[in-house]
Every structure is written in C-alpha cells, then in structure tokens.
Amino acid sequence: MIPMPPRWMLFTGVLAALALAVPPFVIARVRATPDPNRAVHIFFDMDFQPKFKPQTVNPLFADGRSQRPAVLGTVARGEDNLDTHLNDGVVNGAWAETLPAGLEMTREFLERGQQRYNIHCSVCHGYAGYGDGTVNKRAMELMSSSEGPANGTSWVQAKSLHDPVVREHRLGMLYNVATNGIRNMAGYGTQIDLNDRWAIAAYVKALQLSQNASMQDVPPELRDNLKKEVK
Ligand code: HEC
C-alpha cells in the first residue's frame, strides 16, 4: 500500500490546483470584453484597427470628410439607371402610362401594391386614400389645439388621392411621386424597392378607380351581388 502523503502536502496540492484554474478564466474574460483604456494588451485585438468612424474627419481629403461621395462620372456595375421608364416613370419626355418591361399588371401585382401602400402610404393618405391617415389626423389635432400649434408643429394636409388633379396623374408620375416625393412630401425611393414602388403606383390607380366606379365597370356576372350588398 502506498503511504498517504502528509496532510499539509495534500492541502498545498489542492490549493495549487485551484489557483491554476483562475488565470484561464481571467484571460477569457479580458479577451471577451473590449476596453480601449486597457493599459496592458497581452493580445492585440480589433479594438486597434486603423479605421474612420462615421461622421469623423479625414485630413487626407480637401473637404475633410471620411465618408466619401461617389466619384463623379463613375457608374456602379448594373446601376446605370439609363432606363427612364423604369427609373423615372418617363417615356419620351412624358409620364409613362404603362408598366415598364418586365412588370405585369396582374391581380398578384396589385395585391402586393395594396400591401405596400398600406404599410408605407396609408399612415398619411389613409387606407382608402382620402388623406385621412393616422399621422395626418394626429398632426391636424396638434395644429388645431386652442393654444395654437403644439410644440411648433407645422403640417401640410396629406393630399387626397381622389382629388381631381391627382386622379389625372399618369402611372409614371405616381411612381415618381412615391420615389422622389413632391413639394412637402418626402420620397420613398430608398425605403421601398423599385418594383414595389411600381406596384404601389398601380394600386393607387386601382384605388382611384374603386372610389369613382360606375356599375358599368363591374363585370356583368358580379353586378347582381353588388346590388344586394349596396342597396
Ligand atoms: C408622412 C406623410 C406621407 C406619406 C407617408 C406619404 N405621403 Fe404622399 N403626400 C403627403 C403630403 C403632405 C402631400 C401633399 C404635399 C404638398 O401638397 O406639398 C402628399 C401628396 C401626395 C400625392 C399628390 C401629388 C400631387 O400632385 O399633389 C401623391 C400622388 C402621393 N402623395 C402619393 C403617395 C404615395 C404613393 C405614398 C407611399 C409611397 C405616399 N404618398 C406617402 C404626405 C405623405
């Protein structure tokens, strides 16, 4: 039988083993917590990569901006944007009346337009397009408070899409308004996909038709149902 070592030796051994377990934890923790003020860097990590953060100064350029604008005269691959029908809603200098090549006026396309319109446009223009969306209502409320416009609110009524002037707009112009905005309305070109902006324009046309339709616009086989519903 192996004789038991003395107690003090066992005790020191266990203590040493415990002490040895501490450094890996400390190192792991230090590695996982970034700290720009750490004095001693055992491992250099990506805290110290040379880079420019957004909105900081880069003295290398005359204008001092670290965020560089696109170089004049360069065009990114696949972004020539030369198709004026697709990109601006313009054909031969006039507002396009049709969808650009590649897009088709299907029920699915209009439903996509409806869904996107309800998300992006209805807040101001209202679901039915009368310019009575939630944001518009709230702004009007603030504007008409008895002590004058609250917090300096200023607001231009979101236009009714059934206004005679707006009803005259061609499909291409509606697309262009959704893309670049008009007067007090901001554009949504960066927030909404190009195809979806066309779908929205198509849906606005459908919405306008729906609010100004006559019985002749309804397919004959559906007219009877409609008469019952409308009464
Ligand atoms: C933040 C509120 C707001 C949102 C969201 C908004 N609009 Fe507007 N829109 C306005 C206002 C305000 C006007 C009137 C601007 C003016 O008269 O100066 C307007 C005007 C218009 C007009 C009328 C243009 C004309 O000839 O008078 C159209 C069409 C239109 N918007 C379409 C859209 C579509 C499509 C969307 C969704 C992509 C949209 N708007 C989203 C506020 C909004």
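A brief look at the structure comes next. (Residues numbered from 1 in each chain as written. Predicted model: local features only at pLDDT ≥ 70, side-chain atom pairs only at ≥ 80, totals over all residues. Heavy atoms only, no water.)

The next point concerns the packing of aromatic side chains. Counted by the stated rule, this structure contains two aromatic pairs. The interplanar angle of 10° and the centroid separation of 4.3 Å between the aromatic rings of Tyr-175 and Trp-198 together place this pair among those described as stacked. Of this pair, Tyr-175 sits in helix H7 (residues 171-180) while Trp-198 sits in helix H8 (residues 194-211), placing them 23 residues apart in sequence. For Trp-198, a relative accessible area of 0% translates into the label buried. The ring of Phe-61 carries Arg-68 above its face, with NZ or CZ at 3.7 Å from the centroid. (Phe/Tyr/Trp six-rings, centres within 6.5 Å; stacked < 30°, edge-to-face > 60°. Helix = DSSP H or I, 4+ residues; strand = E, 2+ residues; numbered from the N terminus. Buried < 20%, exposed > 50% of the residue type's maximum accessible area, 1.4 Å probe, protein only. Lys NZ or Arg CZ within 6 Å of the ring centre and 35° of its normal.)

Right, let's talk about the site of the ligand for a bit. In the vicinity of the ligand, 22 residues are found, and the nearest of them are Cys-121, Cys-124, His-125, His-169 and Met-185. Here Asn-184 contributes a side-chain N or O atom positioned 2.8 Å from an oxygen atom of the ligand. Where the shell around the ligand is concerned, the elements lending two or more residues are helix H4 (122-125) and H7. The leading source of residues in the shell around the ligand is H4, at three residues. (Near = heavy atom within 4 Å. Polar contact = N/O pair within 3.5 Å; in protein donor to acceptor, adjacent residues only side chain to side chain.)

With respect to the helices and strands, Gly-89 occurs in the loop between helix H2 (84-88) and strand S1 (90-91). Distance in space between the C-alpha atoms of Gly-89 and Thr-179 is 9.6 Å, their sequence separation being 90 residues. Apart from the residues within four sequence positions on either side, Gly-89 is in contact with Thr-84, Ala-94, Trp-95, Ala-96, Gly-172, Tyr-175 and Trp-198. (Contact = heavy atoms within 4.5 Å.)

Turning our eyes to something else, we now look at the coordination of the iron atom of the ligand. The protein atoms donating to the iron atom of the ligand are His-125 (NE2) and Met-185 (SD), with metal-donor distances spanning 2.0 to 2.2 Å. If you look at the iron atom of the ligand, its six donor atoms make angles of 87 to 178° with each other, and the shape they trace is octahedral. Of the two residues, His-125 is situated in helix H4 and Met-185 in strand S4 (residues 185-186); the sequence distance between them amounts to 60 residues. Among the residues examined, His-125 registers a relative accessible area of 12% and is labelled buried. A relative accessible area of 28% places Met-185 in the partly exposed class. (Donors = N, O, S within 2.8 Å, 3.2 Å for Na, K, Ca; no water. Tetrahedral: all angles 85-135°; square planar, octahedral: opposite > 155°, others 65-115°.)

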